Amino acid sequence: MAEITDQVIEFYNELFERIFFKPFVEKLAERRRRDAVRFQILEAAGAASQSLERFIVSQRLTASQVICVLSGLQAMSSHLSIEHIANPNVLPEEVVNDLLNLPACSPVVIAVTTAQQQAVFRVALHSVVQALMQIGPVMAEWQNIGFPSTFELSRRVVAPERDQCPVGRTRQGRVRSRRRTLRATVSRLLVPALLPR
């Protein structure tokens, strides 16, 4: 269990740093501010990692299967950038399908299929993309307003159950629900940044 925890946290730390921190590091000239932003991003990565870790543990995967799934996720996620995940009008399912259909990702799909982990891999990939898409728009907004020190990144990366869409809902209803969630999150996080000191 501890080994799985370490592997999943390491995967998420690398992923969140690559997508949410490294592209903006030049905009953070002050060392303390840069460290504070990095700390909040790693804190969000830790929160996001819990969902994937619980899923992997519940599937009772062997060590080699965990390595196969995580290496596949790492290869797939290397094709993601903040531009892919910051759009609230795109659903996680669309991003997952786009990734699975990329020619560059076909070796990953073949490796996962050979290991008979297709279903597990697809759910794990969806979990990763969903977590990224919950934080992506907030990170884009934080970057757009210059990473103010009063801005606090939410600890809740994955949407609460009440915000998740039931299967029977239409695409338009799911997009509206995501927009409402995004607006609520951004307004909750931006209000302290806009108040006078």
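That block above? That's the structure.
What counts and what doesn't
- Residues numbered from 1 in each chain as written.
- Predicted model: local features only at pLDDT ≥ 70, side-chain atom pairs only at ≥ 80, totals over all residues.
- Heavy atoms only, no water.
- Helix = DSSP H or I, 4+ residues; strand = E, 2+ residues; numbered from the N terminus.
- Buried < 20%, exposed > 50% of the residue type's maximum accessible area, 1.4 Å probe, protein only.
- Areas by Shrake-Rupley, 256 points an atom, 1.4 Å probe, with all protein chains shown as cover.
- Axes fitted to C-alpha atoms, helices over the stretch in contact; angles between N-to-C directions.
- Left-handed = near helix turned anticlockwise from the far one by under 90°.
- Contact = heavy atoms within 4.5 Å.
- Nonpolar A, V, L, I, M, F, W, Y, C, P; charged D, E, K, R; others polar.
- Salt bridge = Lys/Arg side-chain N within 4 Å of Asp/Glu carboxyl O.
- Expected span 1.5 Å × (residues − 1).
- Phe/Tyr/Trp six-rings, centres within 6.5 Å; stacked < 30°, edge-to-face > 60°.

S.K.: What exactly am I supposed to notice about the overall build of the protein chain here?
M.R.: For the protein chain, the helix and strand inventory stands at eight helices and zero strands. Listing every helix and strand of the protein chain by position from the N terminus yields α-α-α-α-α-α-α-α. The 197 residues of the protein chain split such that 45% are buried. Summing over all exposed atoms, the protein chain offers an accessible surface of approximately 10800 Å²; the carbon and sulfur share of this is 54%.

S.K.: It is not clear to me how the packing of helix H1 (residues 2–21) against helix H7 (residues 118–144) should be interpreted in this structure. Could you clarify?
M.R.: Relative placement of two packed helices is described by the angle separating their axes and the distance separating the axes. Where H1 meets H7, the axes come as close as 12 Å, and the angle between the chain directions of the two elements is 35°. Between H1 and H7 lies a crossing of right-handed hand. Residues Phe 11, Tyr 12, Leu 15, Phe 16, Ile 19 and Phe 20 of H1 pack against Ser 127, Val 128, Ala 131, Leu 132, Ile 135, Gly 136 and Met 139 of H7. For the contact of H1 with H7, a count of residues per class yields 11 nonpolar, two polar and no charged.

S.K.: I keep staring at the pattern of salt bridges and nothing clicks. Help me out?
M.R.: Side chains bearing opposite charge may pair, as long as their charged atoms lie close to each other. The full count for this structure, using the stated rule, is two salt bridges. Where Glu 17 meets Arg 38, a salt bridge forms, and the shortest distance between an N and an O atom there is 2.6 Å. In this pair, Glu 17 is assigned in helix H1 and Arg 38 in helix H2 (residues 31–59), connecting sequence segments 21 residues apart. Residue Glu 17 is classed as buried on the basis of its relative accessible area of 16%.

S.K.: Before we go on, may I ask you to explain helix H3 (residues 63–77) in this structure?
M.R.: For an α-helix the count is 3.6 residues per turn, leaving residues at separations of three or four pointing the same way. Helix length check: H3, at 15 residues, gives a terminal C-alpha distance of 21 Å against a target of 21 Å (1.5 Å per residue), a fit within 8%. Turning to H3, its buried residues are Val 66, Cys 68, Val 69, Leu 70, Gly 72, Leu 73, Met 76 and Ser 77.

S.K.: Please clarify how the packing of aromatic side chains should be interpreted in this entry.
M.R.: The description of an aromatic ring pair rests on the distance of the ring centres and on the angle between the ring planes. Tallied over the entire structure, the rule returns three aromatic pairs. Here the aromatic rings of Tyr 12 and Phe 16 are separated by 5.8 Å at their centres, their planes lie at 55°, and the arrangement is tilted. In this pair, Tyr 12 and Phe 16 are both assigned in helix H1, four residues apart and thus about one turn of the helix distant. Across the pair, Phe 16 and Tyr 12 agree in class, each one buried. On the basis of an interplanar angle of 75° and a centroid distance of 5.1 Å, the ring pair of Phe 16 and Phe 20 is categorised as edge-to-face. With a gap of four residues between them, Phe 16 and Phe 20 both fall in helix H1, about one helical turn apart. Classification of Phe 20 by relative accessible area gives buried; the value is 0%. Among the aromatic residues, those joined into a cluster by ring pairs are Phe 11, Tyr 12, Phe 16 and Phe 20.

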